[in-house]
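The lines below spell out each chain.
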Amino acid sequence: MIVYDKKYDVIVVGAGHAGCEAALASARMGQSTLMLTINLDAIALMSCNPAIGGLAKGHLVKEIDALGGEMGRNIDATGIQFRVLNTKKGPAVRASRAQADKQMYRLRMKHVMEQQDNLDLKQVEVTGLVIEGGEVVGVDTKGGVRFMGKTVVLTTGTFMRGLIHIGLVHYPGGRAGDLPSIGLSDGLKDYGFDVGRLKTGTPARLDGRTIDFDRLEKQYGDENPIPFSFSSDRIEQSQVPCHIAYTNPRSHEIIRSGLDRSPLYAGIIEGIGPRYCPSIEDKVVRFPEKDRHQTFIEPEGRETVEVYPSGMSTSLPIDIQWAFYRSIEGLERVEIMRPAYAIEYDYVNPIQLHASLETKLVRNLYHAGQINGTSGYEEAAAQGLMAGINAALRVQAKEPLVLGRSEAYIGVMIDDLVTLGTKEPYRMFTSRAEYRLLLREDNADLRLREKGHEIGLVPESLYQAFVAKKELIDSQLAHFSRERLAPSAAGEELLEEWGLVGMQNAISYEQLLRRPEFTCQDLSRIYPEVMELPEQVREQIEIQIKYQGYIQRQLEQVDRSARLESTKIPADMDYSSVSGLSTEVREKLIKFQPDTLGQASRIPGITPAGITILSIALKARYGR
């Protein structure tokens, strides 16, 4: 094995969405970084749907951006349709989503990576880790070169022992058109990691020239598209529509006729698939009472005819795919350009990780993305960002950055993974966050920008713009609490329109805005200057005033749980010597090895009494 003549601070294995964020984070924090990938032309490739964001996923992208990551800026520059979902619901569950020009997204990210200081990119397959004294010190590659590094971040996606299925035909692949990674997961098993098997799938790519779009329902983006990134002023590029189509009873009959050749139902696929993104055959079997299923026909870019039928993933044989796609109204003549397929791949149970995403078994080794059992570009990118940050902080001999459940959806996701593990692909939902009114898309910068600046990811110019925004919000909130509308100054017509007839005392602007249907637009009739404020500032003022009571209650809940979250459990804690713990609680603690009392309290089977006993033991032994 030839040893490369340059030693790196951080080596990132994989160039998907997790790998890109990890490599950029460590390089931007000043660490010499190497990113290794099987195919340099597939950097940030969207293997499945050509979109970023969605319910809860949009929150993750905003948080990535607030911390100084790249995903938000990349979609803002390459998106072709932007929409805010759940606009009629409360601010906690509103979510941004954008269709991407798939190739432009990949090419822009590749350009950003190539221009980044402190970052080297190399095309090579990693086959094993170099471990000395319980620490990772490098990686070995198929080409016979060993690269040495102080830390390693594994972001392997679906490549570890990837196996593609189309009907009863299957062959090795990391995704369609790419080779799998062979050897790395076997090595992880040898080191004691709990390696499992998961499955995901993707729809066919269809030839848009063979679809009658006039017979489909058009779906347009927002008239005034809102950027993902807090540093993007506006979306400059023109938008394109998607289209809505539906399966029908004939489609379902065709699908059922092919189930005997489905690898999913023939027992060929071992891996567990995503619960919340089932294949079309799964939908037909599990919901026989439904006579149709919706699909969004999404363009893959401006300069291609390929379209993506969202929600129509399948591993059925190709002849069944032809028939069932053509049974959909408007798609009777459709041609498949790339067949749908399922893919099985290896992952490592994330309970073997600390909250920093460093593995518990091997020091200085970090895991991020689908290797941790998650699904989705956004979940992967968020983990990659945190793993890259913490690898860089380790090199700098600093404490890791760990986000709490009350601070970010990123914190919720990582805590779920490292505390509970997963046996199926994990997807982020707003319902997973107990403090979701605090964790809104709109305030991600207010929650996380400071942290991004402290670690060196948010440049000074962006940080100063953020500080100015925050100061303006605070000053306006103070102004609105002071300024009052006197009955004599309002006029009878306005008082009647606002339902204030008979008002005896002056009412503050804050009290006016607290009314459910009252907006800054209404307030402008007595305070015109409010409409001169930036839209993001007006939005924050309205939300913080209207939801002040609810927000305060959640902050009080956070304060009550803070002691548990901050009480650390030593890595060498001997649970067998803690008297009073039940056998079940003791076994769970030994298996999961929680880092804090907060983590321990969320492990299924751990009782409040068990936490109390553990807390007393920690205080007696360590003064905690």
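If you're wondering where the values come from, they're calculated on a predicted model, not measured in any experiment.

Time to look at the overall build of the protein. When helices and strands are counted, the protein shows 21 helices and 23 strands. Computed over C-alpha atoms, the radius of gyration of the protein comes to 26 Å, within 12% of the 25 Å expected from 2.2 N^0.38 for 624 residues, which places it in the range of a compact globule. By principal-axis analysis of the C-alpha atoms, the protein measures approximately 85 × 70 × 50 Å. Across the 624 residues of the protein, 56% fall into the buried class. Contacts in the protein between residues at least 24 apart in sequence constitute 73% of all its contacts with a sequence separation of at least 6. With 74 positive and 83 negative side-chain charges, the protein shows a separation of 3 Å between the mean positions of the two kinds.

Applying the stated criterion to the full structure yields 41 salt bridges. The partner of Arg405 in a salt bridge is Glu434, and the shortest N-O contact between them spans 3.0 Å. Residue Arg405 is found in the loop between α9 (377-395) and α10 (409-420), and its partner Glu434 is found in the loop between α10 and α11 (444-454); the two are separated by 29 residues along the sequence. Among the residues examined, Glu434 registers a relative accessible area of 35% and is labelled partly exposed.

To continue, consider the sheet that holds strand β17 (residues 294-299). Taken together, the six strands give an open sheet; going across it, the order is β15-β16-β17-β18-β14-β19, and neighbouring strands pair in antiparallel fashion. The sheet is open, and its two edges are formed by β15 (217-219) and β19 (336-338), each paired on a single side. If you compare each strand with its neighbour and ignore which way they point, the axes differ by 40 degrees on average. The sheet strands contacting helix α8 (residues 318-326) are β14 (205-207), β18 (306-310) and β19, and the helix crosses β19 at an angle near 130 degrees.

The sheet contact formed by strand β8 (residues 126-132) and strand β9 (residues 135-141) spans six bridges and is antiparallel. The residue bridging Glu132 from the neighbouring strand is Glu135, located in β9. Counting the residues between successive antiparallel strands, the hairpin from β8 to β9 contains two residues, one of them, Gly133, with a positive phi of roughly 60 degrees.

Burial within strand β13 (residues 195-202) is extensive, with seven of its eight residues counted as buried. Both β13 and strand β20 (residues 341-348) contribute to a ladder of eight bridges, which runs antiparallel. Looking at β20, one finds that Gly201 is bridged to Ala342.

What follows concerns the packing of aromatic side chains. The relative placement of two aromatic rings is captured by the distance of their centres and the angle of their planes. Applying the stated criterion across every chain yields a total of eight aromatic pairs. Between Tyr463 and Phe466 the ring centres are 6.0 Å apart and the planes differ by 40 degrees, which places this aromatic pair in the tilted class. Placement of the pair is Tyr463 and Phe466 together in helix α12 (residues 460-482), with a separation of three residues, close to one helical turn. Tyr463 gets classed as buried once you look at its relative accessible area, which sits at 11%. With a centroid separation of 5.8 Å and an interplanar angle of 80 degrees, the aromatic rings of Phe480 and Tyr527 are classed as edge-to-face.

Moving on to the side chain of Ser251. With respect to the helices and strands, the residue Ser251 is situated in helix α6 (residues 249-257). Residues in contact with Ser251, not counting those within four places in the same chain, are Phe324, Ser327 and Ile328.

All right, on to the packing of helix α2 (residues 57-67) against α11 then. The geometry of α2 relative to α11 is characterised by a closest axis approach of 7 Å and an angle of 35 degrees between their N-to-C directions. Our pair here, α2 against α11, has a crossing hand that is right-handed. Of the residues in α11, those in contact with Lys62, Glu63, Asp65, Ala66 and Leu67 of α2 are Ala444, Asp445, Arg447, Leu448, Arg449, Lys451 and Gly452. Classifying every residue of the contact of α2 with α11 gives four nonpolar, one polar and seven charged.

The next point concerns the sheet that holds β20. Strand order in the open sheet formed by four strands is β12-β11-β20-β13, and the pairing between neighbours is antiparallel. Two strands lie at the open edges of the sheet, namely β12 (169-172) and β13, each paired on one side alone. Direction aside, the axes of adjacent strands within the sheet are offset by 25 degrees on average.

Before going further, it helps to examine the nonpolar core. By size, the foremost hydrophobic cluster in this structure holds 75 residues, and its most contacted members are Tyr105, Met113, Met386, Ile389 and Ile410. Leaving out residues up to four positions away in the same chain, Tyr105 has contacts with His17, Ala44, Met46, Ile52, Met71, Asn74, Ile75, Thr78 and Ala100.

Between its terminal C-alpha atoms helix α17 (residues 535-546) stretches 16 Å, which fits the 16 Å expected from twelve residues at 1.5 Å a residue. Taken as a whole, α17 has its buried residues at Val537, Arg538, Gln540, Ile541, Glu542, Ile543 and Ile545.

A negative phi angle characterises most non-glycine residues, just as the trans form characterises most peptide bonds. Of note, the phi angle at Ala44 is positive, near 55 degrees, even though the residue is not glycine. Positionally, Ala44 belongs in the loop between β3 (33-37) and β4 (51-53). Note on Ala44: relative accessible area 1%, which makes it buried. Positive phi, normally seen in glycine, also occurs at Ala397, with a value near 60 degrees. Checked against the element boundaries, Ala397 lands in the loop between α9 and α10.

If you check helix α1 (residues 17-28), its first and last C-alpha atoms are 17 Å apart, about what twelve residues at 1.5 Å a residue would give, namely 16 Å. Among the twelve residues of α1, eleven are classified as buried, and the element is accordingly described as predominantly covered. Taken as a whole, α1 has its buried residues at His17, Ala18, Gly19, Cys20, Glu21, Ala22, Ala23, Leu24, Ala25, Ser26 and Ala27. Following α1 by one or two positions, Gly30 has its phi on the positive side, about 95 degrees.

Packing of helix α3 (residues 71-78) against helix α4 (residues 102-115) brings their axes to within 9 Å, and their N-to-C directions diverge by 130 degrees. In terms of orientation, α3 lies oblique with respect to α4. For α3 against α4, the interelement crossing comes out right-handed. When α3 is examined against α4, the residues Met71, Arg73, Asn74, Ile75, Ala77 and Thr78 are found in contact with a partner set consisting of Met104, Tyr105, Arg108 and Met109. Residue composition of the contact of α3 with α4, by class: six nonpolar, two polar and two charged.

Right, let's get into the environment of Ala433. In this fold, Ala433 is placed in the loop between α10 and α11. Sequence separation between Ala433 and Leu60 is 373 residues; the distance between their C-alpha atoms is 12 Å. When residues no more than four places from it in sequence are discounted, the contact partners of Ala433 are Tyr409, Val412 and Leu439.

Within the secondary structure, Thr156 sits in the loop between β10 (145-154) and β11 (163-166). Excluding its chain neighbours within four sequence positions, the residues that come into contact with Thr156 are Val13, Leu184 and Ile371.

Scoring rules and cut-offs
- Residues numbered from 1 in each chain as written.
- Predicted model: local features only at pLDDT ≥ 70, side-chain atom pairs only at ≥ 80, totals over all residues.
- Heavy atoms only, no water.
- Helix = DSSP H or I, 4+ residues; strand = E, 2+ residues; numbered from the N terminus.
- Rg over C-alpha atoms; globule rule 2.2 N^0.38 Å.
- Buried < 20%, exposed > 50% of the residue type's maximum accessible area, 1.4 Å probe, protein only.
- Contact = heavy atoms within 4.5 Å.
- Lys, Arg positive; Asp, Glu negative; His and termini not counted.
- Charge placed at Lys NZ, Arg CZ, Asp CG, Glu CD.
- Salt bridge = Lys/Arg side-chain N within 4 Å of Asp/Glu carboxyl O.
- Pairing = 2+ DSSP bridges.
- Axes fitted to C-alpha atoms, helices over the stretch in contact; angles between N-to-C directions.
- Phe/Tyr/Trp six-rings, centres within 6.5 Å; stacked < 30°, edge-to-face > 60°.
- Left-handed = near helix turned anticlockwise from the far one by under 90°.
- Nonpolar A, V, L, I, M, F, W, Y, C, P; charged D, E, K, R; others polar.
- Core = buried A, V, L, I, M, F, W, Y, C linked by side-chain atoms within 4.5 Å.
- Expected span 1.5 Å × (residues − 1).
- Parallel < 35°, antiparallel > 145°, perpendicular 65-115°, else oblique.

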